[in-house]
Amino acid sequence: MITDNDPAGMGIAFTRAINRYSPHTCRLITTAEKYGFDFATDIHLPDIEDDDFGEVEQLLQDADLIHFHVLRDENSHLGPLVIRDYTAGKPILHHHHGHPDYLINVATYNEKYRRLQRRVIVSTPDLLQVAEDAVWVPNMVPLTDPLLLPRYDATLPRTGIKICQAPTRKFDKHSDEFRQVMKRLQQRHPQVETVMIEKTPYRQCLRIKRGCHVVFDHMRGWFGISSLESLSQGKPVLAGLDEWNQACIKRFTGADNLPWVVVQDAGQLETALDTLIVDADRRDAVGRASRRFMETYWTEQQILKVLFDVYEKL
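Small disclaimer: the values here were computed from a predicted structure and weren't measured. (Residues numbered from 1 in each chain as written. Predicted model: local features only at pLDDT ≥ 70, side-chain atom pairs only at ≥ 80, totals over all residues. Heavy atoms only, no water.)

Student: Could you clarify how one ought to interpret the nonpolar core in this entry?
Tutor: The nonpolar side chains of soluble globular proteins are, as a tendency, buried together. Within the largest apolar cluster, 52 residues are counted, with the highest numbers of intra-cluster contacts made by I249, W260, W298 and L307. Core analysis: the second largest hydrophobic core is formed by 19 residues, I163, V261, L269 and I277 among them. (Core = buried A, V, L, I, M, F, W, Y, C linked by side-chain atoms within 4.5 Å. Buried < 20%, exposed > 50% of the residue type's maximum accessible area, 1.4 Å probe, protein only.)

As structure tokens, then:
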């Protein structure tokens, strides 16, 4: 796998899952870090000392398959190495994660992949609406990571309710609407605290979220990694899933009912949060359903089945 920055940590998550749960070997090459999230790395080019790219070159030579994330392709370089010098006869897969430059130029990318007869996978169902002949391979979280295990409401204070959002880009995640709703709620419920997590290393972000009672993702129709992390932690998660995304999730999981609390405008967000603030038993029940859903339908092994099906067809 080759990428610039690791998108939401999915490069290292998929790498670890492939190595842990399959007979295959995966290595991840990253060239940059974005937002200061401090995701774990495998081969991170800025860490290479004495300009020794021998291991990178050996991996390019030995790879049976090259899996590009975000905007990387064979015409880019890894230090002194030009990737296309090592791709002859190798299957290539492009994995898109909703980068703004991809969305702005999606017609150009579609034409390029059509011309090259390349397969494309996407990280969220909404991207299926713009990427031609793509397959949705869901993002994953390692459910057994201690920071992704649940702390149910019974172990959290019943007073001082913390409601959290962890947006990478606030302008894109309804953060202003969330703040306005929270101001109104705090007038009625002074015990409620708004927790905004920004520019925080990944592990610290998980620690903070684990100490919160409710998590808001966004209302853009789809869902982010924040949703999956918080569902795994056994939290009520609010997001504005549209009908398309709900249908895609149900097809992937086979589940009749989804654990998200669906809120599609500020009024619905305020009403749902008001209910969860005053009803601790409701918070607990929704949180338990969140974790149960992830354990039943969203394991690393289940997601790898989708990915490997794509790999086998390359």
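There is more to say after this.
Student: Hey, could you run me through the environment of Q180 in this one?
Tutor: Checked against the element boundaries, Q180 lands in helix α5 (residues 175-188). A relative accessible area of 46% places Q180 in the partly exposed class. (Helix = DSSP H or I, 4+ residues; strand = E, 2+ residues; numbered from the N terminus.)

Student: Even after reading the chapter, I still don't get the packing of helix α7 (residues 225-232) against helix α10 (residues 280-297), so can you show me in this structure?
Tutor: Between two packed helices, the angle of one axis relative to the other and the distance separating the axes together describe the packing. Their axes nearest at 7 Å, the elements α7 and α10 cross at an angle of 105 degrees. Comparing their axes, α10 and α7 come out roughly perpendicular. Within the contact between the two elements, α7 uses L228, L231 and S232 and α10 uses S290, R291 and M294. In terms of residue class, the contact of α7 with α10 is made up of 3 nonpolar, 2 polar and 1 charged. (Axes fitted to C-alpha atoms, helices over the stretch in contact; angles between N-to-C directions. Parallel < 35°, antiparallel > 145°, perpendicular 65-115°, else oblique. Contact = heavy atoms within 4.5 Å. Nonpolar A, V, L, I, M, F, W, Y, C, P; charged D, E, K, R; others polar.)

Student: Could you clarify how one ought to interpret the layout of surface pockets in this entry?
Tutor: Unfilled space is identified by rolling a water-sized probe across the atoms. Of the voids in this model, the second largest pocket is the one considered here, and its volume is about 570 Å³. In terms of lining, the second largest pocket is formed by 19 residues, of which the most central are T25, C26, A63, D64 and L65. Those elements that provide at least two residues to the lining of the second largest pocket are α2 (54-62), β4 (66-69) and α11 (300-312). When its residues are assigned to classes, the lining of the second largest pocket shows 12 nonpolar, 3 polar and 4 charged. (1 Å grid on protein atoms, 1.4 Å probe; cavity = no way out; pocket = protein on both sides within 12 Å on 5 of 7 lines; lining within 4 Å. Points joined across faces, edges and corners; volume = space filled by probe spheres on them.)

Student: Mind showing me how you'd approach the packing of aromatic side chains here?
Tutor: One pair of aromatic rings is described through two measures. These are the centre distance and the angle between the planes. Within this structure, the stated rule accounts for 15 aromatic pairs. Summarising the aromatic geometry, the rings of F39 and Y202 are spaced 5.2 Å apart at their centres and angled 55 degrees between planes, so their arrangement reads as tilted. Of this pair, F39 sits in the loop between β2 (29-30) and β3 (43-44) while Y202 is found in helix α6 (residues 202-210), placing the two residues 163 residues apart along the sequence. Residue classification places F39 among the buried positions, given a relative accessible area of 17%. What makes Y202 buried here is its relative accessible area of 18%. Three or more aromatic residues link up through ring pairs in this structure, and these residues are W136, F223, F252, W260, F293, Y297 and W298. (Phe/Tyr/Trp six-rings, centres within 6.5 Å; stacked < 30°, edge-to-face > 60°.)

Student: Just checking my understanding: could you explain the side chain of T124 for this structure?
Tutor: Note that T124 resides in the loop between β8 (119-122) and β9 (135-136). Judged by relative accessible area, which is 8%, T124 ranks as buried. Of the polar contacts made by the side chain of T124, one reaches the side chain of D126; its length is 2.6 Å. Ignoring any residue separated from it by four or fewer positions in sequence, one finds T124 in contact with W136, N139, W222 and F223. (Polar contact = N/O pair within 3.5 Å; in protein donor to acceptor, adjacent residues only side chain to side chain.)

Student: Before we go on, may I ask you to explain the sheet that holds strand β11 (residues 193-196) in this structure?
Tutor: Sheets are built from strands that pair by backbone hydrogen bonding, the pairs being arranged parallel or antiparallel. An order of β11-β10-β12-β13-β14 is seen for the 5 strands of this open sheet, with the pairing classed as parallel. Each edge of the open sheet is held by one strand with a lone partner, namely β11 and β14 (261-262). For strand β13 (residues 237-239) and β14, the ladder comprises 2 bridges, and the chain directions are parallel. In the strand pairing of β14, A239 is matched with V262. Contacts from α5 reach β10 (162-165), β11 and β12 (214-216), with the element oriented near 160 degrees to β11. Along the sheet face, α7 touches β12 and β13 and points at about 155 degrees away from the line of β13. (Pairing = 2+ DSSP bridges.)

Student: Please explain unusual backbone geometry as it appears in this structure.
Tutor: It is generally the case that most residues other than glycine have a negative phi and that most peptide bonds are trans. One non-glycine residue, D38, lies in the positive phi region at around 60 degrees. Inspection of the secondary structure puts D38 in the loop between β2 and β3. The phi angle at D51 is positive, at roughly 50 degrees, despite the residue not being glycine. As for its placement among the helices and strands, D51 is situated in the loop between β3 and α2.

Student: What is the right way to look at the pattern of salt bridges in this model?
Tutor: Where charged atoms of side chains with opposite charge meet at close range, the side chains can pair. Applying the stated rule across the entire model yields 17 salt bridges. Residue R179 is joined to E198 by a salt bridge in which the shortest nitrogen-to-oxygen separation is 3.9 Å. Of this pair, R179 sits in helix α5 while E198 sits in the loop between β11 and α6, placing them 19 residues apart in sequence. Given a relative accessible area of 31%, E198 falls into the partly exposed group. Several salt bridges converge on common partners, so that one network encompasses R184, R188, E270 and D274. (Salt bridge = Lys/Arg side-chain N within 4 Å of Asp/Glu carboxyl O.)

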